[in-house]
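Architecture at a glance
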Amino acid sequence: MEILVLFAVLFVLLALGVPVAYSLFGAALATFALIDIPLVVAVQRMAAGISVFTLMAIPFFIFAGDLMYRAGIAERLVRVADAAFGRMRGGLGVVDVGASMMFGAVSGSAIASASAIGSTMVPLMEEKGYPKDYSVNVTVTAAIVGLLIPPSHNMIIYSAASGIGVSIGDLFLAGIIPGVLTGTMLALTAWLVGRRRDLPRGRFPGWRQFARAAVYAIPGLMTAVIIMGGILSGIFTPTESSAIAVIYTALIGTFVYRNLGWKGFTEAAAKSVRTASMVLFIIAAATAFGFALALLEVPAQLAALIGLMTENPILTLLIINLMLLGLGTFMDMAPLIVITTPIFLPVAMDVGVDPVHFGIIMMINLGIGLVTPPVGSVLFVGSAVGKIALPEMIRTIWPFYLTLMAALVLITFIPALSMWLPHAF
């Protein structure tokens, strides 16, 4: 009965349009009241959920991503990718994927990537004669790559939610090869779709223009190099690296690119505070909800259920993936990481899956949820940036969905893709 109340309250509140954080907290309160636990416990669990040192990196990475957008880094990355791939038929689709990969490497956010790259690429592609649905489809699916290529603040949430201290540095390393693989597969899909739909072909501007675009983009790309180099060398922690990223980006935007003034800096700070507040409040509410799940022994019961269904590692991972894909269609990524990690991570570890590898599986799996109706937040960003109706987008997005699913299968069942770099370092 208690489990039924927990999920019934959650789904009813979500169906009524109540924000996810309030729905999670309301469900936890209703359950605590039913099992006679003081309601103040819910507030205590919320405070404990965000009183984690590693989570301090999230506001800084969000701030750094917004500063990068305002500093014009996204525009310079687009120029590099355009000079390299724009001459192919449908080449601007490949350019979109390449720019999203590079921007993901310095922002770590799918929403930031869809907003920044989409604002630049969608109007450009429309001007060159590309269909709007194609432009937006490429943009939103390529934004998922930013969740895998470090730094990714969702990996920090996973590390905190794991409860076993999964190394953030290892997670950052583990995401590089899967991120590049997924981006390459999406670029190939964009090219194939471009050929099938006979999309326009660009022209190569010459090696001098390409070299100039690459040189201008290097200072922005150095953000990712500084972050990863500092973490791997032990100069600073992942949390400290997020603050370094803000300082470096502010300096680059102000003194190198000269696009970032005091007004842009303060606007980025205000927007980042709002975004970080929402993310951390969702994490706090999800922690209270997760505590209610633990009290009702839902993780143990679900693990036992999966154990009864199969002990085969492949089938176990397949079941977990299907469950995560289903959950990702109606709930945002951050709360799902907090809620489902304590449930599924022990099950995965019981069949021999490394917790670092499982983190990468969760990143791409729940990332697919961000571009899946009805609650795909990246889809809504793409719809707003491209000024296109959601049904029109979804009608032609299926080749990119299939590509993301294929990448999920490869990342899930070929552990070496995720684990080679952490083992090498």
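As annotated in an unreviewed UniProt entry, the chain is TRAP transporter large permease protein from Pontixanthobacter aestiaquae. Check the Subcellular location (unreviewed entry) section of the UniProt entry for the chain; it says "Cell inner membrane".

**A few points about the layout of surface pockets**
Rolled over the atoms, a probe as big as a water molecule pinpoints where empty space is left. For the largest pocket, the calculated volume is near 930 Å³. What lines the largest pocket is a set of 34 residues, and nearest its centre among them are Ile111, Thr275, Met278, Val279 and Asp332. Taken together, the elements giving at least two residues each to the lining of the largest pocket come down to helix H2 (20-34), helix H4 (57-70), helix H7 (110-127), helix H9 (153-162), helix H14 (262-295) and helix H17 (333-350). Per-element accounting of the lining of the largest pocket gives the leading share, seven residues, to H14. Looking at side-chain class alone, the lining of the largest pocket contains 22 nonpolar, nine polar and three charged residues.

**Regarding unusual backbone geometry**
Positive phi, close to 65°, is recorded for Asp36, a residue that is not glycine. Mapped onto the secondary structure, Asp36 falls in the loop between H2 and helix H3 (40-50). Overall, the relative accessible area of 70% leaves Asp36 in the exposed class. A positive phi angle, near 55°, is found at Asp198, a position not held by glycine. Mapped onto the elements, Asp198 comes out in the loop between helix H11 (176-196) and helix H12 (207-233). Judged by its relative accessible area of 54%, Asp198 falls in the exposed class.

**Overview of the packing of aromatic side chains**
Enumeration according to the criterion identifies eight aromatic pairs in this entry. Between Tyr130 and Tyr134, the aromatic rings sit 5.9 Å apart at their centres with planes inclined by 25°, giving stacked as the arrangement. In this pair, the class of Tyr130 matches that of Tyr134, namely buried. Between the aromatic rings of Trp262 and Phe265, the centroid separation amounts to 5.8 Å while the plane-to-plane angle is 15°, which identifies the pairing as stacked. On the criterion of helical spacing, the pair formed by Trp262 and Phe265 is a turn pair, its members being three residues apart in helix H14. Exposure remark for Trp262: the relative accessible area of 67% places this residue in the exposed category. Exposure remark for Phe265: the relative accessible area of 26% places this residue in the partly exposed category. Ring-pair connections join several aromatic residues into one group, and the members of that group are Phe7, Phe11 and Phe289. Over the ring of Phe291 we find Arg45; its NZ or CZ atom is 4.7 Å from the centre of that ring.

**Here's the deal with the pattern of salt bridges**
Close approach of charged atoms allows side chains of opposite charge to pair. Counted according to the given criterion, the structure contains three salt bridges. Taking the shortest distance from any N to any O, the salt bridge between Lys132 and Glu126 comes out at 3.7 Å. We classify Lys132 as partly exposed; its relative accessible area is 25%. For Glu126, a relative accessible area of 43% puts it in the partly exposed group. Among the salt bridges present, the one from Arg197 reaches Asp133, with a minimum N-O distance of 3.4 Å. Linking Arg197 in the loop between H11 and H12 with Asp133 in helix H8 (residues 132-142), this pair joins segments that are 64 residues apart in sequence.

Parameters and conventions
- Residues numbered from 1 in each chain as written.
- Predicted model: local features only at pLDDT ≥ 70, side-chain atom pairs only at ≥ 80, totals over all residues.
- Heavy atoms only, no water.
- UniProt positions renumbered as here; feature names shortened; annotations may be inferred.
- 1 Å grid on protein atoms, 1.4 Å probe; cavity = no way out; pocket = protein on both sides within 12 Å on 5 of 7 lines; lining within 4 Å.
- Points joined across faces, edges and corners; volume = space filled by probe spheres on them.
- Helix = DSSP H or I, 4+ residues; strand = E, 2+ residues; numbered from the N terminus.
- Nonpolar A, V, L, I, M, F, W, Y, C, P; charged D, E, K, R; others polar.
- Buried < 20%, exposed > 50% of the residue type's maximum accessible area, 1.4 Å probe, protein only.
- Phe/Tyr/Trp six-rings, centres within 6.5 Å; stacked < 30°, edge-to-face > 60°.
- Lys NZ or Arg CZ within 6 Å of the ring centre and 35° of its normal.
- Salt bridge = Lys/Arg side-chain N within 4 Å of Asp/Glu carboxyl O.

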